[in-house]
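# Close look at the chain arrangement
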Amino acid sequence: MSPSQFSSLPQDIVWQVLARVPKRSYPLLACASKNFRLLVRSPEIHKIRSLLRKDSLYICFMDKTNRPQTPHWFTLRRTENNPIENEYVSVDLAFPDHDESNASIIAYGPEIFFVCGAHVHSSNLWVFDSRSGQFRRGPSMNVTRMYKSVGLVGSKIYVVGGNMAGDIQAESFDLKTETWEPAPSLEEEMTWLSAATVSLDRKVCALMLVGACAVCYDTRDGSCTEFKIKIEEWWKTGACVIDNVLYVYYGRLGLMWYDTKMRVWRLVTGLGDLKKVRSVGMVEYYGKLAVLWKEHSGGATKEIWCRMIGLERSEDGISGTAEESSQLLGSVPRCFRLHRVLSVSD
């Protein structure tokens, strides 16, 4: 069936069909036609997926009292009887590589990929299947790495930097064939140790705290570019990309986005009543921006809160609409530090 024939079906049927298509296929569908692009981004699709409980968040905290720090994982998903409320529960995700406690983490579909090589040299790759709750060992990288940056572009995971020998500066892991291959070599040597890494415009961008800039590796030709990030305080989990737009949450300024055409940072409007907090985690969840933060409740624990924000782009910029109330997800020990927030979809 051609795109035009499919689009001629009643729209409610089209939404029901597309809601059952794996979310990782949405970027390909968006390239098929303008109509498909509008359909996969429509609120109706996300509402149906919510009713089907297709997506969930995986939230990782690090126990600061341990050396090396110990990860603790929780899931956030729609409750079965109420598609608006979220269920927040601890999950037994025991990472099998005891020498690597701070691997780079990428989610693709229902799986989470742990690319090792942070504080120790490693070429290991581990894959966690959220459906079975089991880890499996993936193919090793071509070289060992340490202090690298990792990003997802299309259906490939790119790993940049961290190879002391310098023979393979960047490589990619094809998620369909599960094979590693060298990626275009970097035009110049750069440091890739970063506070956060995002994928933007088919580039892997490492957001640096030192120097207040983002260093971007173009996966097509290996060229590298930079752009400035604001020096006001931000937390490494408070950065994410939605519909190829980079958002960063600043504790003093609020939610901002980077205008790649004007090469300037702009404030997301309409969020004047959003509480200014620190240590924010952000990720896309059912077409909205999920913002998570902590509040000290006294004693030995702190509360974890969540609020959903709808985003809309126009010629004037990007405006946000926050849901009326925040949701208290639960409590964690005060020694837990928010480390990663991932969106996992069936």
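Read on for an overview of the structure. (Residues numbered from 1 in each chain as written. Predicted model: local features only at pLDDT ≥ 70, side-chain atom pairs only at ≥ 80, totals over all residues. Heavy atoms only, no water.)

### Digging into the overall build of the protein chain
- Summing up its helical and strand segments, the protein chain has five helices and 25 strands in all.
- Since a compact globule built from 346 residues should have a radius of gyration of about 20 Å, the 20 Å found for the protein chain is in line with a globular shape.
- The principal-axis extents of the C-alpha atoms in the protein chain amount to approximately 55 × 55 × 45 Å.
- Per-residue burial for the protein chain yields a buried fraction of 50% across its 346 residues.
- In the protein chain, the share of contacts with a sequence separation of at least 24, taken over all contacts with a separation of at least 6, comes to 49%.
- Approximately 16900 Å² of the protein chain is accessible, and the part contributed by carbon and sulfur atoms is 50%.
- If the 42 positive side-chain charges of the protein chain are averaged to one point and the 39 negative ones to another, these points end up 2 Å apart. (Helix = DSSP H or I, 4+ residues; strand = E, 2+ residues; numbered from the N terminus. Rg over C-alpha atoms; globule rule 2.2 N^0.38 Å. Buried < 20%, exposed > 50% of the residue type's maximum accessible area, 1.4 Å probe, protein only. Contact = heavy atoms within 4.5 Å. Areas by Shrake-Rupley, 256 points an atom, 1.4 Å probe, with all protein chains shown as cover. Lys, Arg positive; Asp, Glu negative; His and termini not counted. Charge placed at Lys NZ, Arg CZ, Asp CG, Glu CD.)

### Points about the pairing of strand β13 (residues 203–208)
- With five of six residues buried, β13 is to be regarded as a mostly interior element.
- Bridge count between strand β12 (residues 196–200) and β13: five bridges; the pairing is antiparallel. The partner of Val198 across the bridge, within β13, is Cys205.
- Counted along the chain from β12 to the antiparallel partner β13, the turn is two residues long, and its residue Asp201 has a positive phi close to 55°.
- In the sheet, β13 pairs with strand β14 (residues 213–218) via six bridges, with the strands oriented antiparallel. Following the sheet pairing, Val204 is matched in β14 by Tyr217. (Pairing = 2+ DSSP bridges.)

### Here we look at a negative patch on the surface
- Taken together, the side chains of Glu187, Glu188, Asp221 and Glu226 present a region of like negative charge at the surface.
- Judged by relative accessible area, Glu187 falls into the exposed class, the value being 59%. (Patch = residues over 30% accessible without salt bridge, like charges linked within 9 Å, V, L, I, M, F, W, Y side chains within 5 Å. Salt bridge = Lys/Arg side-chain N within 4 Å of Asp/Glu carboxyl O.)

### A look at a nonpolar patch on the surface
- A cluster of nonpolar side chains, Leu9, Ile13 and Val17, forms an exposed patch at the surface whose accessible area comes to about 210 Å².
- Locating Leu9 in the fold gives a position in the loop between α1 (3–7) and α2 (11–19).
- Residue Leu9 is classed as partly exposed on the basis of its relative accessible area of 31%.

### Some details on empty space enclosed by the protein
- According to the stated counting rule, one finds one cavity of 30 Å³ or more in the structure shown.
- The volume enclosed by the largest cavity comes to roughly 40 Å³.
- Lining the largest cavity, in full, are Tyr249, Leu274, Lys275, Val277, Val280, Val291 and Trp293.
- The residue inventory of the lining of the largest cavity, partitioned by class, reads six nonpolar, no polar and one charged. (1 Å grid on protein atoms, 1.4 Å probe; cavity = no way out; pocket = protein on both sides within 12 Å on 5 of 7 lines; lining within 4 Å. Points joined across faces, edges and corners; volume = space filled by probe spheres on them. Nonpolar A, V, L, I, M, F, W, Y, C, P; charged D, E, K, R; others polar.)

### What to know about the sheet that holds strand β11 (residues 179–182)
- Overall, antiparallel pairing links the four strands, which are arranged β8-β9-β10-β11 in an open sheet. Of all strands in the sheet, those bounded by a partner on one side alone are β8 (149–153) and β11. Neighbour to neighbour, the strand axes of the sheet diverge by 25° on average, direction disregarded.
- Two strands pair when backbone bridges link them, and β8 and strand β9 (residues 156–160) are joined in this way by five bridges, in the antiparallel orientation. Counted as the bridge partner of Ser149 is Val160 from β9. (Axes fitted to C-alpha atoms, helices over the stretch in contact; angles between N-to-C directions.)

### Some thoughts on the packing of aromatic side chains
- Following the criterion strictly, the structure yields 16 aromatic pairs and no others.
- Measuring from centroid to centroid gives 6.2 Å for Tyr250 and Trp265, while their planes differ by 85°, and the two rings are edge-to-face. Note that Tyr250 is positioned in strand β17 (residues 245–250) and Trp265 in strand β19 (residues 264–267), a separation of 15 residues in sequence.
- A relative accessible area of 0% places Tyr250 in the buried class.
- One aromatic cluster is present, formed by Tyr58, Trp73, Phe95, Phe114, Phe128 and Phe135 through successive ring pairs. (Phe/Tyr/Trp six-rings, centres within 6.5 Å; stacked < 30°, edge-to-face > 60°.)

### Some words on the pairing of strand β5 (residues 111–115)
- Of all five residues that make up β5, five are buried, and the element is covered over most of its length.
- Of the two faces of β5, both are covered, the one formed by Glu111, Phe113 and Val115 as well as the one formed by Ile112 and Phe114.
- When strand β4 (residues 104–108) meets β5, the two strands line up antiparallel, connected through five bridges. If you follow Ile106 over to β5, its bridge partner there is Phe113.
- If you look at the hairpin formed by β4 and β5, you'll find two residues sitting between the two strands, and Gly109 has a positive phi there, around 65°.
- The pairing of β5 with strand β6 (residues 125–129) spans five bridges and is antiparallel. Considered in β6, the bridge of Phe113 is made with Val127.

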